[in-house]
Amino acid sequence: MTTERIAPTLQTLPRPVYPRSESLPAGSVSRAHAHPFGQLSFAGEGVLLVRTETGSHVAPPQRAVWVPPGMAHEVATSRRAEMRGLYIGWDQDIFRPLQCLVLSVTPLARELILAVCALPVLYDEHGPDGRLVAVLLDQLASLPVADFSLPWPRDQRLSAICQALTDSPDDSRTASAFAKSAGMTERTLGRLFVGQTGLTFGNWRRRARLLASLSLLEAGKSVTTTAIECGYDSTSAFIAAFREAFGITPGAFVRGV
């Protein structure tokens, strides 16, 4: 069941950083909208999915998605999630270039996010609260980018292929079969994929499967079941691919290590 969430319609911020805390129910979605300021959405619990015109961006626990000012986006969750959001004034130049990013949140940045989200809306900019916010902005600017984004092609034929792979990660059709169904050669499909997503067809599908696995694992599905539903021939192959992409095993991810 989908629960529509109405995004705030603020046009100006009362302070350089406007903190918000939300408990999002399973199936929550906010329709496409844009702000005249940046938005950092931190997943304290659960998995956040942020969609833009250029791709999908997944933030499992202890990651965050940065959406720059003016970029249309929607936020969705498949399971219950705890989101800590920071609306950041357009004049706070902390991320360049202006693109959507998934960030790995350090323990220090996490504590700062939680502390700032506990501040009153009209915190004292010139007192200890303002200095805390300034430290947070410095920390956010240095966070490493995580490969949890899935770029989306402009070509409608490729877009249909990507949608099919996203809807059914276990779809085992070859690149040749997809190319034929789209009325192009396999070589053309490969060239377009690299040109429009920066990834080969195989790498794009691999990343789509691994990102899909995050929500399944977070929802409590076993590693073996997740591997099967994401199109892996064996659990060991899935674990190896997961570790290579994310630096930890699926079991460690579930335990929050």
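Residues numbered from 1 in each chain as written. Predicted model: local features only at pLDDT ≥ 70, side-chain atom pairs only at ≥ 80, totals over all residues. Heavy atoms only, no water.

S.K.: Help me out: how do you make sense of the pattern of salt bridges in this one?
M.R.: Pairing between side chains becomes possible if they bear opposite charge and their charged atoms approach one another. As enumerated under the stated definition, the model contains 10 salt bridges in all. For arginine 51, the salt bridge identified is with glutamate 74, shortest N-O distance 2.6 Å. Of the two residues, arginine 51 is situated in strand E5 (residues 48-52) and glutamate 74 in strand E8 (residues 73-76); the sequence distance between them amounts to 23 residues. We note a salt bridge from arginine 110 to glutamate 111, for which the minimum N-O separation is 2.4 Å. (Salt bridge = Lys/Arg side-chain N within 4 Å of Asp/Glu carboxyl O. Helix = DSSP H or I, 4+ residues; strand = E, 2+ residues; numbered from the N terminus.)

S.K.: Is there a simple way to explain the layout of surface pockets in this structure?
M.R.: The gaps left among the atoms become clear once a water-sized probe is rolled over them. What the largest pocket holds in volume is close to 590 Å³. The wall of the largest pocket is formed by 22 residues, among which Leu49, Arg51, Thr166, Ala212 and Ser215 lie closest to the centre. Looking at the lining of the largest pocket, the elements with two or more residues in it are E5, strand E6 (55-59), helix H3 (156-167) and helix H6 (201-218). (1 Å grid on protein atoms, 1.4 Å probe; cavity = no way out; pocket = protein on both sides within 12 Å on 5 of 7 lines; lining within 4 Å. Points joined across faces, edges and corners; volume = space filled by probe spheres on them.)

S.K.: Whenever I open this one, the sheet that holds strand E7 (residues 63-67) confuses me. Can you help?
M.R.: Adjacent strands of a sheet form backbone hydrogen bonds with each other and so pair up, either parallel or antiparallel. The strand order E2-E9-E4-E7-E10 describes an open sheet built from 5 strands, whose pairing is antiparallel. One side of each edge strand has no neighbouring strand; the edge strands of this open sheet are strand E2 (17-24) and strand E10 (101-104). Going from strand to strand, the sheet's axes swing by 20° on average, the running direction of each strand aside. Relative to E7, strand E4 (residues 38-45) runs antiparallel, the two sharing 4 bridges. Within E7, the position partnered with serine 41 by the bridge is valine 65. The strands touched by helix H1 (residues 107-117) are E2, E4 and strand E9 (81-88); relative to E9, the strand with the most contacts, the crossing angle is about 80°. Each of E2, E4 and E9 touches helix H2 (residues 128-141); the most contacted strand, E9, lies at about 100° to it. (Pairing = 2+ DSSP bridges. Axes fitted to C-alpha atoms, helices over the stretch in contact; angles between N-to-C directions. Contact = heavy atoms within 4.5 Å.)

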